[in-house]
Amino acid sequence: MTAAVSLDLDAMMANPFPYFAAMRAADQWTWSEQMQMWLVTRFDDVVFVDANPQIFSAEVPGALLTRSIGLTMIRSEGAAHRRFRNAADTPLKRRSVQRSWPDVITGLVAQHLAPLREHSAADLVQDFAGPFTGACLRAVLGLPDASAADIERWSNSYIGGLINNSDDPDVWAETATASAEARDCVAAVLDRVRAEPDATVVSAMANAYPDAPLSLEEITANIRLMIAGGFNDARDAVATLPWLLMTHPEIRARVAREPADFERSIDESVRWLSPVGSYPRILTEDYSSPAATLRAGDKVLVVAASANWDETTFAHPETFDIDRPNLDEHLGFSVGTHYCLGSHLVRAMVRAAVPALLELPGIHPTADPQFVGWQFRGPLSVPVAFEPSDEQEGTP
Ligand code: HEM
């Protein structure tokens, strides 16, 4: 028995949650004829899939992401995965982020808030979260020759390749251009960071394994991965939490007083709106459960956004509630070997940006954001108004 749920993929772009609920209620696996994949939507099943990479592998042959940006850690398993991940992870560990980047990130918050202060209205996505996220990634990844706008354009282009199911040649041409530009920016700094290592991710990758260093292409592919997902997902998280706090004044007052509550609000925001809604796996062998027999080579889509709204794990999942007893179990950053490498960085960004945004005098939302997508989901815009400030930074 497998679920016979009819999916309207266009409708799911606007509001996937009723479809997620129907799939969770129906069965363990939902076969999508249109996507030619099994969708796994319940919390326990997502955890099971992520805990068993030897059966449900991220090493998907012919993956559009690999065609778009090259072979990366997120489409590798075992030794190949560890080789990439261990090379990149030191600068992104919690302590490294705390040691190296707070001043830079705080400076970038101030720089990107200054133009907002001259106005009385803004869109937190376009006017703040996007440029701020691009600038943070430029600094932390270590790409001084790229602008924040380049990072945003490259991210859009790599994600365009990732969803280029129709094999549109124009999309591949754009992806190839963006891929070459990123390679040039990495190549331009390699000699310098090899001679004088610094705290950036490019430097860590360039100096890993002196006896068998990563190639330029291997470093660049993984940097593109951090641009593709890192930009899109961090921007959406930076723009969503202020709106959630503005629309939940009691929680807003608590998080302003208590840092631990603020941390919980970051997790609850990523549970409530999971920017990475799903990710693919492939069966390495046949797998039978009472619900269905899946065959080696079958593709599975892990729908973490649905698992995060599984009412058997998170009561009233539609409610933004920072007091959930099991909040730390949310799957917004995944679980297991591919757990998000950028989670500490994005936390540091949100920690610096959101309180500063909420200090804009009288800031309030002027319309509900339009959230779009289900494989990736985020706000198209978060319109706000506030009182313009007469004081310019540096004015005596
Ligand atoms: C709120 C923002 C973010 C969210 C919700 C998020 C979510 C995720 C998720 C769900 C995965 C696992 C995907 C899978 O298993 O296939 C992942 C992996 C990853 N993320 Fe993030 N991410 C965010 C920000 C970032 C940032 C800013 C970076 C940049 C450094 C980043 C770098 C990565 C990398 C490199 C991986 C692959 C890890 C591996 O394969 O071992 N992420 N992320």
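Predicted, not measured: the structure shown is a model, and the values here were computed from it.

## Some words on the overall build of the chain
What the chain contains, in helices and strands, is 16 helices and twelve strands. Against the compact-globule benchmark of 21 Å for 396 residues, the chain has a radius of gyration of 21 Å, which places it among compact chains. Counting every position in the chain, which comprises 396 residues, the buried fraction comes to 44%. Residue pairs in contact within the chain that sit at least 24 positions apart in sequence constitute 70% of those at least 6 positions apart.

## So, the site of the ligand
The environment of the ligand is formed by 26 residues, the closest being Gly230, Tyr279, His338, Cys340 and Gly342. Sorting the residues of the shell around the ligand by element identifies α12 (216–246) and α16 (343–358) as the ones contributing at least two each. For the shell around the ligand, the leading source of residues is α12, giving seven residues. When grouped by side-chain class, the residues that make up the shell around the ligand number 18 nonpolar, six polar and two charged.

## Notes on α16
Its 16 residues give α16 an end-to-end C-alpha distance of 22 Å, which sits within 8% of 22 Å, the value for a rise of 1.5 Å per residue. Among all positions of α16, only Leu345, Val346, Arg347, Ala348, Met349, Val350, Ala352, Ala353, Val354 and Leu357 are buried. Considering only its buried residues, α16 is in contact with α6 (94–100), α7 (102–117), α8 (124–142), α12 and α14 (259–272).

## Topic: the pairing of strand β2 (residues 37–40)
Residues in a regular strand project their side chains so that they alternate between the two faces of the sheet. Pairing between strand β1 (residues 29–32) and β2: four bridges, direction antiparallel. Note on β2: the bridge partner recorded for threonine 30 is leucine 39. Linking β1 back to β2 in an antiparallel pair, the connection comprises four residues, with glutamine 36 at a positive phi of about 55 degrees. Across three bridges, β2 lies against strand β8 (residues 299–302) in parallel orientation. Paired with tryptophan 38 across the strands is valine 300, a residue of β8.

## Looking at the sheet that holds β8
Strand order in the open sheet formed by five strands is β1-β2-β8-β5-β3, and the pairing between neighbours is mixed. If you trace the sheet from one side to the other, it starts and ends with β1 and β3 (56–57), each paired once. Helix α3 (residues 43–51) contacts β2, β3, β5 (279–283) and β8 of the sheet and is inclined by roughly 125 degrees relative to β8.

## Focus: the nonpolar core
Val201, Ile227 and Met349 are the most contacted members of the largest nonpolar core, which has 80 residues in total. At 15 residues, the largest contribution of residues to this core is made by α12. Residues within four places of methionine 349 in sequence aside, it is in contact with Ile105, Cys136, Ala234 and Val238. Within the second largest apolar cluster, 25 residues are counted, among which are Leu39, Val46, Leu301 and Ala305.

## A word on the sheet that holds strand β9 (residues 364–365)
Read across the sheet, three strands follow the order β4-β12-β9 without closing on themselves; strand pairing throughout is antiparallel. Strands with a single pairing partner mark the edges of an open sheet, and in this sheet they are β4 (121–123) and β9. Inspection of the sheet shows β9 paired to strand β12 (residues 383–385) by two bridges, in the antiparallel sense. For proline 365, the partnering residue across the bridge sits in β12 and is valine 384.

## Quick notes on the packing of helix α10 (residues 169–195) against α12
Following both chains from N to C, one finds α10 and α12 inclined at 120 degrees, their axes separated by 9 Å at the closest point. With respect to their mutual orientation, α10 and α12 come out oblique. Like other packed secondary-structure pairs, α10 and α12 cross with a definite hand, here right-handed. Packed against α10, whose contacting residues are Ser179, Ala182, Arg183, Val186, Ala187 and Leu190, the element α12 presents Leu216, Ile219, Thr220, Ile223, Arg224 and Ile227 at the interface.

## Focus: the packing of helix α9 (residues 148–162) against α12
For the pair α9 and α12, interaxial distance at closest approach is 8 Å and the crossing angle is 100 degrees. As summarised for this structure, α9 and α12 are arranged roughly perpendicular, according to the angle between their axes. For the pair α9 and α12, contact is made by Ile151, Glu152, Trp154, Ser155, Tyr158 and Ile159 and by Arg224, Ile227, Ala228, Phe231 and Asn232, respectively. Residues belonging to the contact of α9 with α12 are distributed by class as follows: seven nonpolar, two polar and two charged.

Each value, and the rule that gives it
Residues numbered from 1 in each chain as written. Predicted model: local features only at pLDDT ≥ 70, side-chain atom pairs only at ≥ 80, totals over all residues. Helix = DSSP H or I, 4+ residues; strand = E, 2+ residues; numbered from the N terminus. Rg over C-alpha atoms; globule rule 2.2 N^0.38 Å. Buried ≥ 20, exposed ≤ 12 C-beta atoms within 10 Å, placed from the backbone. Contact = placed C-beta atoms within 7 Å. Near = placed C-beta within 6 Å. Nonpolar A, V, L, I, M, F, W, Y, C, P; charged D, E, K, R; others polar. Expected span 1.5 Å × (residues − 1). Pairing = 2+ DSSP bridges. Axes fitted to C-alpha atoms, helices over the stretch in contact; angles between N-to-C directions. Core = buried A, V, L, I, M, F, W, Y, C linked by C-beta atoms within 7 Å. Parallel < 35°, antiparallel > 145°, perpendicular 65-115°, else oblique. Left-handed = near helix turned anticlockwise from the far one by under 90°.

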